[in-house]
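# Observations on the model geometry
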Amino acid sequence: QVQLVESGGGSVQTGDSLRLSCAASRRTFGTYSMGWFRQAPGQEREFVAAASWSGSNTWVADSLKGRFTISVDNALNTVYLQMNNLRPEDTAVYYCAADIEKWFCEARWGTLSYWGQGTQVTVST
C-alpha cells in the first residue's frame, strides 16, 4: 500500500508562486510514476502534470506549460509541482497520484491506484 501526502497549498494572490509537495509513504520510485491533478468546485478532476519515477520523462498539460513544472526527488520519495504566475482559475484542490507509467501515458486517470487527500490552492485577484 502506498500513502501519498500533499502539502504546500495555501492562499495567494494573482502572479504569486507556490510549490506543492507529495511525499510517498514508501519507495515508489523505480515502480510508479507520479502525477498531479486538480479539481475546482463543480468541475471534473483534470490532469496537471506527471513524471516518471526517474524524473527523466515529464508531462505537463498543454494549457499549463510555461507556468507549471513537475520534478522528483528520489531520495525523499517526493514529487513537486512548481506553480508560477498563478491565476484565479488555478484555484482548486490539488491531488497527487501514483501508478505505473503506462496509465499516465494512456491518460487512464480512472485507473490510477493511489491518491492523496488533496491540498487547497486559492488564488485571489
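Below is a summary of the structure that appears in this document. Source: prediction; values computed, not measured.

In terms of helices and strands, the chain carries one helix and 11 strands. Helices and strands appear in the chain in the N-to-C order β-β-β-β-β-β-β-β-β-α-β-β. For a compact globule of 125 residues, the expected C-alpha radius of gyration is about 14 Å, and the chain comes in at 13 Å, within 12% of that figure. Once the C-alpha set of the chain is aligned to its principal axes, its extents read approximately 40 × 25 × 25 Å. By residue count, 46% of the 125 residues in the chain fall in the buried class. For the chain, long-range pairs separated by at least 24 residues make up 57% of all intrachain contacts whose partners lie at least 6 apart in sequence. Counting only carbon and sulfur atoms, one obtains 44% of the accessible surface of the chain, whose full area is about 6,100 Å².

Further remarks concern the packing of aromatic side chains. This model, assessed by the stated rule, comprises six aromatic pairs. Their ring planes at 55° and their centres at 5.0 Å tell us that Phe37 and Trp115 sit as a pair that is tilted. Of this pair, Phe37 sits in strand S4 (residues 33-39) while Trp115 sits in strand S10 (residues 114-115); the two residues are 78 residues apart in sequence, bridging distant segments of the chain. Phe37 gets classed as buried once you look at its relative accessible area, which sits at 1%. Ring centres of Phe47 and Trp109 lie 4.7 Å apart, and the angle between their planes is 5°; on these two criteria the pair is classed as stacked. You can see Phe47 sitting in strand S5 (residues 46-51) and its partner Trp109 sitting in the loop between helix H1 (101-105) and S10, a full 62 residues away along the chain. For Phe47, a relative accessible area of 17% gives the class buried. Taken together, Phe37, Phe47, Phe104, Trp109 and Trp115 form an aromatic cluster joined through their ring pairs. Against the face of Trp115 rests Arg45, its NZ or CZ located 4.6 Å from the ring centre.

It is worth spelling out the nonpolar core at this point. If you look at the biggest cluster of nonpolar residues, it comprises 37 residues, and the most contacted ones within it are Leu4, Trp36, Val48, Phe68, Leu81, Met83 and Tyr94. Taken together, the elements giving at least two residues each to this core come down to strand S3 (18-24), S4, S5, strand S7 (68-73), strand S8 (78-83), strand S9 (92-99), H1 and strand S11 (119-124). Ignoring any residue separated from it by four or fewer positions in sequence, one finds Met83 in contact with Asp16, Ser17, Leu18, Leu20, Arg67, Phe68, Tyr94 and Val121.

This model, assessed by the stated rule, comprises six salt bridges. Across the salt bridge formed by Asp62 and Lys65, the nearest N and O atoms sit 3.1 Å from each other. We note that Asp62, like Lys65, is exposed. With a closest N to O distance of 3.5 Å, Glu106 and Arg108 form a salt bridge. According to the relative accessible area criterion, Arg108 is partly exposed, its value standing at 38%. Bridged by salt links that share partners, the residues Arg38, Glu46, Arg67 and Asp90 form one connected network.

What counts and how
Residues numbered from 1 in each chain as written. Predicted model: local features only at pLDDT ≥ 70, side-chain atom pairs only at ≥ 80, totals over all residues. Heavy atoms only, no water. Helix = DSSP H or I, 4+ residues; strand = E, 2+ residues; numbered from the N terminus. Rg over C-alpha atoms; globule rule 2.2 N^0.38 Å. Buried < 20%, exposed > 50% of the residue type's maximum accessible area, 1.4 Å probe, protein only. Contact = heavy atoms within 4.5 Å. Areas by Shrake-Rupley, 256 points an atom, 1.4 Å probe, with all protein chains shown as cover. Phe/Tyr/Trp six-rings, centres within 6.5 Å; stacked < 30°, edge-to-face > 60°. Lys NZ or Arg CZ within 6 Å of the ring centre and 35° of its normal. Core = buried A, V, L, I, M, F, W, Y, C linked by side-chain atoms within 4.5 Å. Salt bridge = Lys/Arg side-chain N within 4 Å of Asp/Glu carboxyl O.

So, to be careful, I would describe these as geometric facts and stop short of saying anything about function.
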